[in-house]
Amino acid sequence: MFKNEYLQKVYAEVEARNAGEVEFLQAVREVLESLEMLVEKHPEYEKNGLLERFCEPERFIQFRVPWVDDAGKVHVNRGFRVQFNSAIGPYKGGLRLHPSVNASVIKFLGFEQVLKNSLTGLPMGGGKGGSDFDPKGKSDAEVMRFCQSFMTELQRHIGQFTDVPAGDIGVGGREIGYLYGQYKRMRNEFVGVLTGKGLTYGGSLARTEATGYGLCYFTEEAMNNMMNDSLKGKTVVISGSGNVAIYATQKAQQLGANVVALSDSSGYIHDPDGIKLDVVMEIKLSRRGRIKEYVEAVPTARYCEGCSGIWTIPCDVALPCATQNEIDEAGAKALVANGCKVVCEGANMPSTPEAINVYLANGVLYGPAKAANAGVVSVSGLEMSQNSLRLSWTFEEVDQRLQGIMRDIFHNAYHASKECGAEGNLMVGANVAGFLKVADAMLAQGIAY
Ligand code: NDP
């Protein structure tokens, strides 16, 4: 619990006001716990009600999304956009389409995004959105009609200088295309209002790869600096088999690691000889199939039902890239017992607080999501710059900038951890480094009476 009275009071208010929103409360609590020392040093935060404002979104929009399926039946989903904080730039953050989406999930993601975007060093505020629509099993035409209906409402709240959404779970190139088409149809403007666009209409090279690649760049930099080691020759377990997992696998392999496992929400595959990424890409990207189909192409690999067993596979490095709270205390203990020394997060908040305590108590190098998976939002920022400049940078140029940004994020988080007496605790470091910039901007901009 909090030692500082102001933090205690702020968290109690957040808890009362957002009762039952477990994911949001979990995210707020973790951040506030990291700020103890900072708050002691800065009495002006309390005087200016800074943390109360920081924990309350500037705007939360919820809307009805009606759409018609191929058989002519009408469905209604719920759409959300949280515009959490715009102190350092326009709101920026992805859209998630998944049945588990609700107000709590969107608020936790938006809250984390504020700090993540600040850490990139680019001028972007934090937002997030999505819907409880499940794209699984829907035809292209159904996904298109859903996206059009969703954007018909969302378009009145966003804009290139106001709020620039992107993809997340369930939102890839196809969905961004449909969303962008509808925005343009309704507003008659060809502007960079979404990132993750196709290359023919303003997208950036290296955007698709950015989260997975950035995760590996961050992990490599952290291992170099904190362990005098690298990914080369390491056994790596990666969860998920979506956008983040696939490109994390590709970059880890390029850096010389042996990636031995991937999963989806039904189960996981273990291939001790090393995952054949071309097989995975064919299944997941070309056919939108299931990960268990991998063993049909690679019979020496094994498939297990249920996804949590993936953490019992011995590895040096674990990169959770699926979803929130996918590693619990038991999963973290299994990782540590089998010799895992590094956990860096590709997914948002994939480790429960109990799992994080296990990492920290056992000296595991822990790279929290808001630092380790900031790659994509960095490249989104670069996509916005290219759109404004009406220029397209090469893959190599974008990749170089991404590497630089991920290295800087590690060093900023590490430096901040040292400054507040928790050297090497990158969770504290990332929270503090991300928060300081937003806090300064909020103080400078005053309060509207
Ligand atoms: P995708 O939709 O492309 O893939 C998600 C993958 O995770 C799928 O393989 C899915 O399987 C699997 N999955 C879902 N739930 C579980 C579970 N409980 N256990 C195991 N696997 C599961 O999403 P992304 O790759 O884009 O996103 C993954 C994570 O990374 C999310 O937390 C997201 O917020 C985060 N992230 C994504 C970014 C991006 O640019 N895409 C940027 C920054 C963070 P199934 O097909 O069965 O559902």
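Quick caveat: nothing in here was measured; it's all calculated off a predicted structure. (Residues numbered from 1 in each chain as written. Predicted model: local features only at pLDDT ≥ 70, side-chain atom pairs only at ≥ 80, totals over all residues. Heavy atoms only, no water.)

### Re the site of the ligand
As a matter of local geometry, the ligand sits amid 24 residues, with Arg96, Asp168, Ser265, Arg290 and Asn348 nearest to it. Here an oxygen atom of the ligand sits 3.1 Å away from a polar atom, N or O, in the side chain of Lys136. One nitrogen or oxygen atom from the main chain of Val244 is found 2.9 Å from an oxygen atom belonging to the ligand. For the ligand, the accessible surface in isolation is 890 Å², of which the surrounding protein chains cover 86%. Inspection of the shell around the ligand shows a minimum of three residues originating in each of domain 2 (59-190) and domain 3 (210-367). (Near = heavy atom within 4 Å. Polar contact = N/O pair within 3.5 Å; in protein donor to acceptor, adjacent residues only side chain to side chain. Areas by Shrake-Rupley, 256 points an atom, 1.4 Å probe, with all protein chains shown as cover. Domains from an automatic or database assignment.)

### Quick word on the environment of Asn188
For Asn188, the position within the fold is in the loop between α8 (173-187) and α9 (210-227). For the pair Asn188 and Thr300, spaced 112 residues apart in the sequence, the C-alpha separation amounts to 54 Å. (Helix = DSSP H or I, 4+ residues; strand = E, 2+ residues; numbered from the N terminus.)

### A closer look at the domain arrangement of the protein
You can read the domains of the protein as domain 1 (5-54), domain 2 (59-190) and domain 3 (210-367). Relative placement of domain 2 and domain 3: their C-alpha centres are 27 Å apart. Between domain 2 and domain 3, the residue contacts involve 10 residues of the former and eight residues of the latter. Buried area between domain 2 and domain 3, summed over both chains or domains, comes out near 680 Å², and the portion from carbon and sulfur atoms is 40%. Considering only the side of domain 2, the residues that lose the most area to domain 3 are Phe108, Lys136 and Arg174, jointly responsible for 47% of the buried surface there. Taken together, domain 2 and domain 3 are joined by zero salt bridges. Counting every contact that joins domain 2 to domain 3 gives two residue pairs in polar contact (both at pLDDT 80 or more). In terms of residues, the side of domain 2 that touches domain 3 owes the most to one element, helix α6 (residues 103-119), which gives four residues. Residues of the side of domain 2 that touches domain 3, tallied by class, amount to four nonpolar, no polar and six charged. (Contact = heavy atoms within 4.5 Å. Buried area = accessible area lost by both parts, 1.4 Å probe. Salt bridge = Lys/Arg side-chain N within 4 Å of Asp/Glu carboxyl O. Nonpolar A, V, L, I, M, F, W, Y, C, P; charged D, E, K, R; others polar.)

### Overview of the packing of aromatic side chains
Tallied over the entire structure, the rule returns 19 aromatic pairs. Taking the centre distance of 5.2 Å and the plane angle of 85° together, the rings of Trp67 and Phe133 count as edge-to-face. Taken together, the residues span a long stretch of sequence, with Trp67 in strand β1 (residues 59-68) and Phe133 in the loop between β4 (126-131) and α7 (140-154) at a distance of 66 residues. For Trp67, a relative accessible area of 5% gives the class buried. Residue class for Phe133 comes out buried when judged on its relative accessible area of 1%. When the ring of Tyr180 is compared with that of Phe190, the centres are 5.7 Å apart and the planes differ by 85°; the resulting orientation is edge-to-face. With Tyr180 in helix α8 and Phe190 in the loop between α8 and α9, this residue pair connects regions lying 10 residues apart in the sequence. Here the aromatic residues Phe24, Tyr45, Phe54, Phe84, Phe111 and Phe435 are joined through ring pairs into a cluster of three or more. Lys107 extends its terminal NZ or CZ atom over the ring of Phe60, reaching a point 5.9 Å from the ring centre. Stacked on the ring of Trp393, the Lys or Arg Arg401 has its end atom at 3.9 Å from the ring centre. (Phe/Tyr/Trp six-rings, centres within 6.5 Å; stacked < 30°, edge-to-face > 60°. Buried < 20%, exposed > 50% of the residue type's maximum accessible area, 1.4 Å probe, protein only. Lys NZ or Arg CZ within 6 Å of the ring centre and 35° of its normal.)

### Quick notes on the pairing of strand β7 (residues 258-263)
For β7, the buried fraction is high: five of the six residues fall into the buried class. As judged from the three bridges shared by strand β6 (residues 235-238) and β7, these two strands associate in the parallel manner. Bridging across to β7, Val237 finds its partner in Ala261. For the crossover that starts at β6, traverses helix α10 (residues 243-254) and ends in the parallel β7, the hand is right-handed. Where β7 lies against strand β8 (residues 267-270), three bridges are found, and the strand directions are antiparallel. The partner of Ala261 across the bridge, within β8, is His270. Between β7 and the antiparallel strand that follows it, β8, lie three residues. (Pairing = 2+ DSSP bridges. Right-handed = clockwise from strand over helix to strand, strands pointing away.)

### Regarding the pairing of strand β3 (residues 91-97)
The buried fraction of β3 is high, at seven of seven residues. Where β3 meets strand β5 (residues 163-166), four bridges bridge the pair, whose relative direction is parallel. Paired with Gly93 across the strands is Pro165, a residue of β5. Two elements, β3 and β4, share three bridges in a ladder whose sense is parallel. The residue of β4 that forms the bridge with Leu97 is Ser131.

### A few points about the packing of helix α13 (residues 329-337) against helix α14 (residues 353-361)
Here α13 crosses α14 at 25°, and the two axes come no closer than 7 Å. In terms of orientation, α13 and α14 fall into the roughly parallel class. Both α13 and α14 take part in a crossing whose hand is right-handed. Residue-level contacts link Glu329, Ala332, Lys333 and Val336 of α13 to Glu354, Ala355, Val358 and Tyr359 of α14. Tallied by class, the residues present in the contact of α13 with α14 amount to five nonpolar, no polar and three charged. (Axes fitted to C-alpha atoms, helices over the stretch in contact; angles between N-to-C directions. Parallel < 35°, antiparallel > 145°, perpendicular 65-115°, else oblique. Left-handed = near helix turned anticlockwise from the far one by under 90°.)

### What about the packing of helix α17 (residues 395-419) against helix α18 (residues 426-445)?
When two helices pack together, their arrangement is given by the angle between their axes and by how far apart the axes lie. Close contact between α17 and α18 brings their axes to 7 Å; oriented N to C, the two are set at 100°. For the element pair α17 / α18, the angle class is roughly perpendicular. Of α18, the residues touching α17 (which contributes Phe410, Asn412, Ala413, Tyr414, Ala416 and Ser417) are Leu426, Gly429, Ala430, Val432 and Ala433. For the contact of α17 with α18, the per-class residue count stands at eight nonpolar, three polar and no charged.

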